[in-house]
Amino acid sequence: MLNKIFLALMTLTLMTSATYAATLQDVENSFYPYKNSVPHAEGIKVGMVINADNWQVAKDVLDPVMLEFVKNGDYEINVAATTSFDLHPNYVDATKARLGKVMLGAEVGTINGSDAGRPFPAEPSQDDPRAGEKLAWNFKYGYNWGDSAAIKPFYWQYRNMKTGKIERNLTFNFHFLNFTHRVVNDPKPEILPNPSDLFRGTYLQVLAPFDVKNTQLLIHRYEDDQKRDNVYLYLGFQRRVRRLSSGQVTDAFLGSDLMIEDFEGYNGRIADMKWKYLGTRELLMPFYNHNDMPLEEKKDEDGYQFVKMVGKGGCFPAITWQLRKVYEVEAVPVDPGHPLSKRVHYFDAQTFTIPRTNMYDRKGDLWKSWTIAQAHPDFHLPQNKGTGVSIDDSFSMIDVQAQHCTTGKFKGIVDPALSPASKFTVQNMRASGR
Amino acid sequence: MWNVTMSFKKLYPVMAVAFICVLLGASVPAMAEDVVLDGFVENATYLRDGRGISKFRNTAQLEFLIPVKSSGFWSQVNLNGILRATYDGVYDLNDDEFGKDANESYLGQNWHPRGDATTGHPVLGGKPFLSAGVPFPCDNDPTLCKNLDGYMDLDENDAKFPEFNDRLDFIRELYIDATADLANGDQLSIRLGKQQVIWGRSDLFRVLDVINPVDYSRHNIYDELEDIRIPQWILQAESRMGPTGIFDDFNTSLVWNFDKFRPNVLGQSGQPYAILDAGNFFASYLNIDAHPALGNGGVPGFYTAPVPIIHDVDIPSWSLRNTQIGLKWEGVYRDTTFSLNGLYYRQQLPSLHFRELVVAPGSGLPASDGVFDIVFPRVKLIGGSIDYFNQATDAIWRLETTFTTGEELPRDKDGHKETDILRYVLGIDKNQVIPFLNKRRAFLISGQLFGQHVLDHENDMPDYKDNWIATFLFKGWWDSDQISPQILVARDLRSDGMAIAPSVEWLVSDNLKITFGGNIVSGGKKKFDWSVNDALTGVPGSLPSDYEPLARFKNGPIGVANQEDELQLTVRYSF
């Protein structure tokens, strides 16, 4: 009997994959959606400002939570022209080379044949029961931060949204490294040896303020999505590395409005969520050219200026938004003890970053609204030009219930020299600790 | 010459504070942009039940990291340093209770009622067997000062400014880091200088974390170990192999502590924190001279004066063979991080070696110029640690264990005995949201059970063959972690000692932190028979067991501090 069920599942999987098999045209459409035309919406014009006086024009082009912020006068949306954020051609080529070879496994969180590139470039279908999961895989194996990158420095501010008071200022360095799925920097496609089959490492170090200085976090994510991340924390005052339980991954990180699981839009396993594709939409999304924005006056040592924060409580980035093709996906935690009942993600269809997410508490009430604004690499730091990485450039996590937010300003640098594999070891945490 | 030396000694604090101020102020703009410089000033004021102010500690700490340009074999070269200057005003503000004039009525007054050894006895003409400890012997008693030379020989001024001494403790850490990338992809890393080396995974008490001695006089066991470890001049050389055949990370580390040996600082008579009250005992006398037969005018009349408890402290001089060395293998294997450790070091707690009266061998009578010598024997340690994330409990489990040979424990009738000791700690850390208390932030729930098994235990050892200390921490965070209350409980299971330490941290701003807390301590009720009581009265078994001098070991650091209930306020401004 078990054999029959297994056979039926396999058949269903193969049928599913076969039904939605991608073509080279799908790849073109996936990576270059604005090649022939850009989205248009009635009443939405480049250069216009959408605010509390005219919010109605954006009813169909803003997600409901951002629309509410605009309606309430908390934030104004500056509309800019849609631009293409072309990802690195090697990533596109890797996708083409694996066309038809990537399939979902029988269980959520299993995949076969994906070692580089976008796993599922075909347009998602409402008829495909696993379409949401495929989109999640496209995000997980996306070209987010490329093969490796660093955010150095990375400023977080905790803000009272009602009063605008900045309560805390934290300074970090973040580093990312793909151990597998590498398409640009040698070694490709994998860094060896890799005994536990790590997929990705995320390492961060707190530089200030003094009470959390020298805190370090290391996340090891495995190629096997069924395997839980190993997360290590180094506390400066204890001078030793501690393991983190999964409870801490969904806890407020260093008192901010973010969980570790929120990093980059979603920083967890595919298997931890039930994914549901809700539809394809054309929405205003936070994509812009950093160098064209009204930046902070203060300059970094190399002249770099950070994105300015505006709006209610200083909780929103002062950037432009553009109409873009978006996949709306619902993610419901498998764990009934998870603090969220669901996230609603808005995946950018071209880059497969997650610029907008709305999060709901266990009761189903809106809890947080999460924006990770994307900058074009060619209009950013000179060394980012031509990297084909959509640069996470500013963020805002708003706790709408507590009227509190955490904002972030990035200096993202796509430079493999900043994130060597030796940085992503437990021993490095001890050695870097003071 | 003496006066000149003293003047310079008194100038140390001023010079150090001036040095820190110069670094903080004038020099900062001149430093390179990559130099990291920060620190804090802090006042810690503690109020002890029945005693008044027990701490008025003012600290200035400066931390710096200076990248050093390098080329060739070494890269990532940094110079790191921490300077700390402290002035504890308790000796000026509460000199009736603490300081060179803070005499006690009897030995152990600060933790137990009078017992047989501390009550005037007719046999001794109304004197107690043991006198009260002499506060700050080097201010009050040249004999004791000489006997305790090199260990418990602070004068009051030294205690006020604890970093300013001939070991230059105001240079809390000063080391250079360097890394070399080897041709095979491994890295060789060295850290050379005055530093802390942390082994192990436990909080509050130490099992593997024994490379640096600790200063318990700062605040007993309750301060962060980072603040009370005594940095040592150490060379660490580390081979980082990174991922290997089966390990995700594997490293071998050699630790060579080439500093002159330093024992744990226990706090001495006259100081507010003297763990196990050992400092008072070491600064007391045996009033055997008042014995009708053994003392003045008696027959045989061996003793013409009270006998100091301590005759001498044998601090090993610096020599290559007196240095300490350790080796650690450490790695990550699947969901487990582990270490295997070996250390050849010295016992950091004093071992008391009985000195028999030469003219009366076998009598059990002490030498007339001092009962004990303090020694610090060589110890061999092997150990290991593991931590593991268990999905079923959604918690981190920690295990740490050591096995030592060469340690010595005190005995009643035989002075001391060398014994093998097994120590271990099992810990669990869990983060749990408790919605009715705080639905936005999980609480940290951490439990530890420390165990000690004395393999060669004897009945006359004032310690347990097996004993356990349990600790429990419950910590929460509110308001973006700006407010963090916690409660820490430690219980010594065999001695019934218990400490409850609630506190609240308030981050007023990025720079200003206020911590308000307290300690409620109980225990210290265990007694232990002292055979000298019987010997001196000449009536075996005529006197019941007593607190002094051996029950301090039986009651442990928690129980002996049973009269140290405190309110504590700490204000720290960071920059």
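Residues numbered from 1 in each chain as written. Chains lettered and ligands numbered in written order. Predicted model: local features only at pLDDT ≥ 70, side-chain atom pairs only at ≥ 80, totals over all residues.

Draft legend 1. Here's a closer look at the overall build of chain A. Helices and strands together make up the secondary structure of chain A, namely seven helices and 22 strands. For a compact globule of 434 residues, the expected C-alpha radius of gyration is about 22 Å, and chain A comes in at 21 Å, within 12% of that figure. Based on the C-alpha atoms only, the size of chain A along its principal axes is roughly 65 × 60 × 45 Å. Here chain A holds 434 residues, and 54% of them are scored as buried. In chain A, the proportion of contacts linking residues at least 24 apart, taken out of those at least 6 apart, comes to 63%. (Helix = DSSP H or I, 4+ residues; strand = E, 2+ residues; numbered from the N terminus. Rg over C-alpha atoms; globule rule 2.2 N^0.38 Å. Buried ≥ 20, exposed ≤ 12 C-beta atoms within 10 Å, placed from the backbone. Contact = placed C-beta atoms within 7 Å.)

Draft legend 2. View of the overall build of chain B. Secondary structure assignment for chain B yields nine helices and 23 strands. Computed over its C-alpha atoms, the radius of gyration of chain B comes to 25 Å, within 12% of the 25 Å expected for a compact globule of 575 residues. With the principal axes as the frame, chain B shows a C-alpha extent of 80 × 60 × 55 Å. Within chain B, the proportion of its 575 residues that are buried is 46%. Partitioning the contacts of chain B with sequence separation of at least 6, the portion at a separation of at least 24 is 63%.

Draft legend 3. Layout of the confidence of the model for chain B. Per-chain confidence: chain B averages 90 in pLDDT, with 93% of residues scoring 70 or above. Taken together, the chains of this predicted complex give a pTM of 0.88 and an interface ipTM of 0.85. (pLDDT = per-residue confidence, 0-100.)

Draft legend 4. Structural detail: the environment of Leu493(B). Residues and elements named next belong to chain B. Inspection of the secondary structure puts Leu493 in the loop between β20 (483-492) and β21 (497-507). The exposure class assigned to Leu493 is partly exposed, which follows from the 16 C-beta atoms found within 10 Å. Apart from residues lying up to four places away in sequence, Leu493 is in contact with Asn467, Trp468, Ile469 and Ala470.

Draft legend 5. Helix α4 (residues 89-97) of chain A, seen in detail. Residues and elements named next belong to chain A. Among all positions of α4, only Tyr91, Val92, Ala94 and Thr95 are buried. Down the axis of α4, the sector holding all buried residues measures 160°, keeping them to one side. Exposed residues pointing more than 90 degrees away from the buried face of α4 are listed as Pro89 and Ala97. Here the buried face of α4 lies against α2 (24-31). (Arc of directions from axis to C-beta.)

Draft legend 6. A look at the pairing of strand β22 (residues 404-413) of chain A. Residue and element names in this part refer to chain A. Taking burial as the measure, the ten residues of β22 include ten buried ones, the bulk of the element. Covered by surrounding structure in β22 are His404, Thr406, Gly408, Phe410 and Gly412 together with Cys405, Thr407, Lys409, Lys411 and Ile413, the residues of both alternating faces. Bridging between strand β5 (residues 148-160) and β22 involves nine bridges; their strand directions are antiparallel. The residue of β22 that forms the bridge with Phe154 is Phe410. Strand direction decides the pairing type here: strand β21 (residues 391-399) and β22, joined by six bridges, are antiparallel. (Pairing = 2+ DSSP bridges.)

Draft legend 7. Fine view of the environment of Asp429(B). Mapped onto the elements of the fold, Asp429(B) is located in strand β17 (residues 416-434). The class for Asp429(B) is buried, based on 24 C-beta atoms found within 10 Å. Along the backbone, Asp429(B) and Arg398(B) are 31 residues apart, and their C-alpha atoms lie at a distance of 8.2 Å. Discounting chain neighbours no more than four positions away, the residues touching Asp429(B) are Arg242(A), Ser245(A), Ala395(B), Ile396(B), Leu444(B) and Ser446(B).

Draft legend 8. Up close: the nonpolar core. Counting residues in each nonpolar core, the largest one holds 120 residues, and the members touching the most others are Val70(A), Ile77(A), Leu135(A), Leu218(A), Tyr232(A), Leu284(A) and Phe347(A). When residues of this core are assigned to their parent elements, the largest contribution, six residues, is made by strand β17 (residues 320-333) of chain A. Leaving out residues up to four positions away in the same chain, Ile77(A) has contacts with Ile50(A), Ala58(A), Val70(A), Leu284(A) and Trp321(A). Listed in part, the 72 residues of the second largest apolar core include Leu286(B), Ile288(B), Ile374(B) and Leu550(B). (Core = buried A, V, L, I, M, F, W, Y, C linked by C-beta atoms within 7 Å.)

Draft legend 9. Main features of the sheet that holds strand β10 (residues 310-313) of chain B. Residues and elements named next belong to chain B. Reading across from one edge, β10-β14-β13 is the order of the three strands in this open sheet, with mixed pairing throughout. Either end of the sheet is taken by a strand with one partner, and the two such strands are β10 and β13 (351-354). Recorded for the sheet is a direction-independent mean angle of 30° between the axes of neighbouring strands. (Axes fitted to C-alpha atoms, helices over the stretch in contact; angles between N-to-C directions.)

Draft legend 10. Spatial organisation of the environment of Pro209(A). Following the sequence through the fold, Pro209(A) ends up in the loop between β7 (198-208) and β8 (216-222). Along the primary structure Pro209(A) and Arg168(A) are separated by 41 residues, whereas in three dimensions their C-alpha atoms are 8.4 Å apart. The contacts of Pro209(A), once residues within four sequence positions are left out, are Asn169(A), Leu170(A), Asp510(B), Asn511(B) and Ser574(B).

Draft legend 11. A look at unusual backbone geometry. The peptide bond linking Lys152(A) to Pro153(A) adopts the cis configuration, its omega dihedral lying at 5°. Checked against the element boundaries, Pro153(A) lands in strand β5. With omega at 5°, the peptide bond leading from Ala208(A) into Pro209(A) counts as cis. Positive phi outside glycine occurs at Asn214(A), with the angle close to 75°. By the element assignment, Asn214(A) lies in the loop between β7 and β8. Here the phi dihedral of Asp479(B) falls at roughly 55°; this positive angle occurs in a residue that is not glycine. Its place among the elements puts Asp479(B) in the loop between β19 (466-475) and β20. The exposure class assigned to Asp479(B) is partly exposed, which follows from the 18 C-beta atoms found within 10 Å.

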